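# Commentary on secondary and tertiary structure
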Amino acid sequence: MGCQYYSPSENGADSFTVAMPRLTVGRGTLREVGERAQGLGLRRVALFTDALLASGPLVAAVLESLTRAGIDTATFSDIRVEPDDESVERGATFLRDASIDGIVSVGGGSVMDTAKAALVLLCHGGNIGEYFAPPIGQGKPIPGPLLPHIACPTTSGTGSECTSISVLRLNELNTKFVIASPHMLPTVAIVDPQCCDSLPANVVASTGFDLCCHALECYTAKAYTQQAKVAAANARQYIQGANPFSEMVAREAMDIVGNYLVRGVNDASDTEARDQLMWGATLAGIAFGNSGTHLPHAMSYGVTHLMRNIVTEGYAIASPFVPHGISVVVNAPAIFRYTAEATPERHLEGATCLLADTQGATPADAGEVLANRMVELMKATHMPNGLTAIGFKAEHVADLAASSIRQGRAIANAPRESNRVDLENMYSNALQYW
Ligand SMILES: [Fe+2]
């Protein structure tokens, strides 16, 4: 803890909090969901999933496990990918009518984030818009605990099973924003790597870069000691900045990306690599769940806000659609070139974990070395070559920056300050990489 990165600052935080669900990891552990629910004293649960998974073997395994444990279920699958406030309102209405005492979510980030937000409305009322931070919402705090939530991820990227945030599209603004509250942290996370066995390569790549950026952003975030001290212990949010716990976990996740991302994407039969990526996604979720992300995630929301006429292979979703991981990674090399100046050693360390050639590199090279390694990984996993490859041109840069500058909390968590012009420059530098 004596690391120079966490040196005290005037009025800065002098403590940090670590939180995570009770976590179980291993092949076949979906069969434990029933016993876990029983252990929480549940009698009737809502099973949240999406329309594709609802009739598949993963949901069948969970339902069987719950039935075996004597627990009644009611299934809700009317959740769109990139969930919106309407998905949440539908979910909350379902929960109110279903007389449940807990919830099980089986799916990617969209499903888990919808479950978290629907529970907020069930337990504390109101409409979901009120809970977003100003100027988007009224910043209404979530006043107390939610019903128990058992979260079971089916992709190796989001880490939502281990975070206390929900990312939702507000239809009125056509943009994604984050609701954060310690009360949204799932009670139990069950991470079964068999869920990823049949994922298409492009989905493994996109979600893998989401996990990669969660870990890199956590590792390079502003130190918690440089963030304002919270007025009350219970007011401390997940965006508390880099800290000794989150950096330790993020480092392991970055190592996993370096060793297994390309293998896991390019060979569906490489079970070792895919299992490791699932573990890495959970680790990165725990890491950023206790620190927050920064510019790559903040700037991804401009991309998903303004995308037009674009679909991505591997996703059966109507246009326009850019997967979350792609919307994040497509800007990341340009962003790390910008932020490296503030924490060069950490950017270089991240590059080392990703197996960049760092021989002879000095701190002044950190941004270039990390960005170049990310570009190598993007090429090796057939990711789009910058914003141009997903339909954006130089003429869109100003609008992208104007959209993303609204993500104040994440931008403030970056190690280097940035204004709208800085965002425009980063988007310009992200148009094309090779
Ligand atoms: Fe993410």
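Every value quoted in this text rests on a predicted model; they were computed, and no experiment measured them. Throughout this description, residue numbers start from 1 for each chain and increase along the sequence as written. Given that this is a predicted model, residues contribute local features only at a pLDDT of at least 70 and side-chain atom pairs are listed and counted only at 80 or more, while totals for whole chains, interfaces and linings are drawn from all residues.

## Things to note about the packing of helix α7 (residues 244-266) against helix α8 (residues 271-289)
Interhelical geometry of α7 versus α8 gives an angle of 150° and a closest axis separation of 8 Å. The angle between α7 and α8 places the two elements in the roughly antiparallel class. In terms of crossing hand, the pair formed by α7 and α8 is left-handed. Packed against α7, whose contacting residues are Ser 246, Val 249, Ala 250, Glu 252, Ala 253, Ile 256, Val 257, Tyr 260, Leu 261, Arg 263 and Gly 264, the element α8 presents Ala 273, Arg 274, Gln 276, Leu 277, Trp 279, Gly 280, Leu 283, Ala 284, Ile 286 and Ala 287 at the interface. When residues are grouped by polarity, Ala, Val, Leu, Ile, Met, Phe, Trp, Tyr, Cys and Pro land in nonpolar, Asp, Glu, Lys and Arg in charged, and all others, Gly among them, in polar. Here the contact of α7 with α8 is built from residues that sort into 14 nonpolar, four polar and three charged. Between N-to-C directions, angles cover 0 to 180 degrees, with each direction set by a line fitted to C-alpha atoms, over the stretch in contact for helices. Helical segments are the DSSP runs of H or I of at least four residues, strand segments are the runs of E of at least two, and each set is numbered from the N terminus. An angle below 35 degrees is read as roughly parallel, one above 145 as roughly antiparallel, one from 65 to 115 as roughly perpendicular, and any other as oblique. In this scheme the crossing of two helices becomes right-handed for a clockwise turn of the near helix relative to the far one and left-handed for an anticlockwise turn of less than a right angle. What counts as a contact is two residues whose backbone-derived C-beta atoms lie within 7 Å of each other.

## Focus: helix α16 (residues 420-429)
Buried residues of α16: Leu 423, Met 426 and Tyr 427, and no others. The buried residues of α16 occupy an angular sector of 100° when projected down its axis, which confines them to one face. Turning to α16, the residues buried within the fold contact α9 (295-306), α11 (332-339) and α14 (397-404). To sort residues by burial, count the other C-beta atoms lying within 10 Å of each one's C-beta; a count of 20 or more means buried, 12 or fewer means exposed, and anything in between means partly exposed. C-beta atoms are built from the backbone. Taken from the helix axis, the directions to the C-beta atoms give the arc we talk about.

## Describing the sheet that holds strand β3 (residues 72-76)
Strands were regarded as paired on the criterion that DSSP finds at least two bridges between them. One open sheet accounts for six strands, arranged β1-β8-β5-β4-β2-β3; its pairing is parallel. What marks the edges here is a single partner per strand, and that holds for β1 (22-25) and β3. For this sheet, the mean inter-axis angle between neighbouring strands, taken without regard to orientation, is 20°. Running at roughly 160° to strand β2 (residues 44-48), helix α4 (residues 85-98) makes contact with β2 and β3 of the sheet.

## Here we look at the nonpolar core
Nonpolar side chains in soluble globular proteins tend to be buried together. Core analysis: the biggest nonpolar cluster contains 139 residues, and Val 45, Val 62, Val 104, Ala 215, Ala 253 and Ala 287 have the highest contact counts within it. Broken down by element, this core gets its largest block of residues, eleven residues, from helix α6 (residues 201-220). Note that domain bounds follow an automatic or database assignment of domains. For this core, the two domains that each supply at least three residues are domain 1 (4-15 + 198-429) and domain 2 (28-191). Residues within four places of Ala 215 in sequence aside, it is in contact with Ala 250, Ala 253, Met 254, Val 257, Ala 284 and Ala 287. We define the nonpolar core as any set of buried residues of the types Ala, Val, Leu, Ile, Met, Phe, Trp, Tyr and Cys, connected via C-beta atoms lying within 7 Å of each other.

## So, the pairing of strand β6 (residues 165-170)
Both faces of the sheet carry side chains from a regular strand, because those side chains alternate between them. Summarising burial for β6: five of the six residues are buried, a large majority. Direction of pairing for β6 relative to strand β7 (residues 175-180): antiparallel, over a ladder of six bridges. Residue pairing in the sheet places Val 167 in a bridge with Val 178 of β7. Taking the residues that link successive antiparallel strands as the turn, the β6-β7 hairpin has four residues, and the phi of Asn 174 there is positive, at about 55°.

## Considering the packing of α11 against helix α13 (residues 366-380)
The interhelical angle for the contact between α11 and α13, taken along N-to-C directions, is 170°, at an axis separation of 8 Å. Comparing their axes, α13 and α11 come out roughly antiparallel. Where α11 approaches α13, its residues Ala 332, Pro 333, Phe 336 and Arg 337 are matched on the opposing element by Gly 367, Glu 368, Leu 370, Ala 371, Met 374 and Val 375. Split into classes, the residues belonging to the contact of α11 with α13 amount to seven nonpolar, one polar and two charged.

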